[in-house]
Amino acid sequence: MNIAMEAVAKESAQSLAEEVSKPRAKGGRMPVDTGFLRNSMAAAVNSIPSGESSDVFDMQPVTLAINKLKAGDRLVLGFTANYARAMEYRYFFVRSAAMNWPLHVDKSIKKVAKAIR
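What comes next concerns the included structure. (Residues numbered from 1 in each chain as written. Predicted model: local features only at pLDDT ≥ 70, side-chain atom pairs only at ≥ 80, totals over all residues. Heavy atoms only, no water.)

**With respect to the pattern of salt bridges**
The final tally for this structure, using the stated rule, is three salt bridges. Residue lysine 111 pairs with glutamate 11 through a salt bridge whose shortest N-O separation is 3.1 Å. Residue lysine 111 is found in helix α6 (residues 101-116), and its partner glutamate 11 is found in helix α1 (residues 3-20); the two are separated by 100 residues along the sequence. The shortest N-O distance in the salt bridge between glutamate 88 and arginine 95 comes to 2.7 Å. (Salt bridge = Lys/Arg side-chain N within 4 Å of Asp/Glu carboxyl O. Helix = DSSP H or I, 4+ residues; strand = E, 2+ residues; numbered from the N terminus.)

Shown next, in the form of structure tokens:
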């Protein structure tokens, strides 16, 4: 995988993670009451994410995992809150973002192409 392709993959994954975690109050689909679900988002490369939810939303651990991606790796985004699946069935925040994957890739291709010109 060349550098541009890797940059597109990372940029697309970051954009997807941001869409998944965007609160309903800000135009997204993520339900936020106490913030526990949103704060439980985790990412891992080539494994299932695990960990504890924090008191404050922090995208940095997800971004760090995304930045570790190399050719042939698999990124897994998930939520550690035990009720995440029920909230997904009700609010469709993960599946909706996943359905937008082609849009994230197209946007990332344009952004990376502009940056390397």
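**Overview of the packing of aromatic side chains**
A complete count under the given rule lists two aromatic pairs for this structure. Their ring planes at 85° and their centres at 5.5 Å tell us that phenylalanine 79 and phenylalanine 93 sit as a pair that is edge-to-face. With phenylalanine 79 in strand β2 (residues 75-79) and phenylalanine 93 in helix α5 (residues 93-99), the pair connects residues that are 14 residues apart, well separated along the chain. Across the pair, exposure class does not vary: phenylalanine 79 and phenylalanine 93 are buried alike. A cation over an aromatic ring shows up here: arginine 38 above the ring of phenylalanine 57, its NZ or CZ 3.7 Å from the ring centre. (Phe/Tyr/Trp six-rings, centres within 6.5 Å; stacked < 30°, edge-to-face > 60°. Buried < 20%, exposed > 50% of the residue type's maximum accessible area, 1.4 Å probe, protein only. Lys NZ or Arg CZ within 6 Å of the ring centre and 35° of its normal.)

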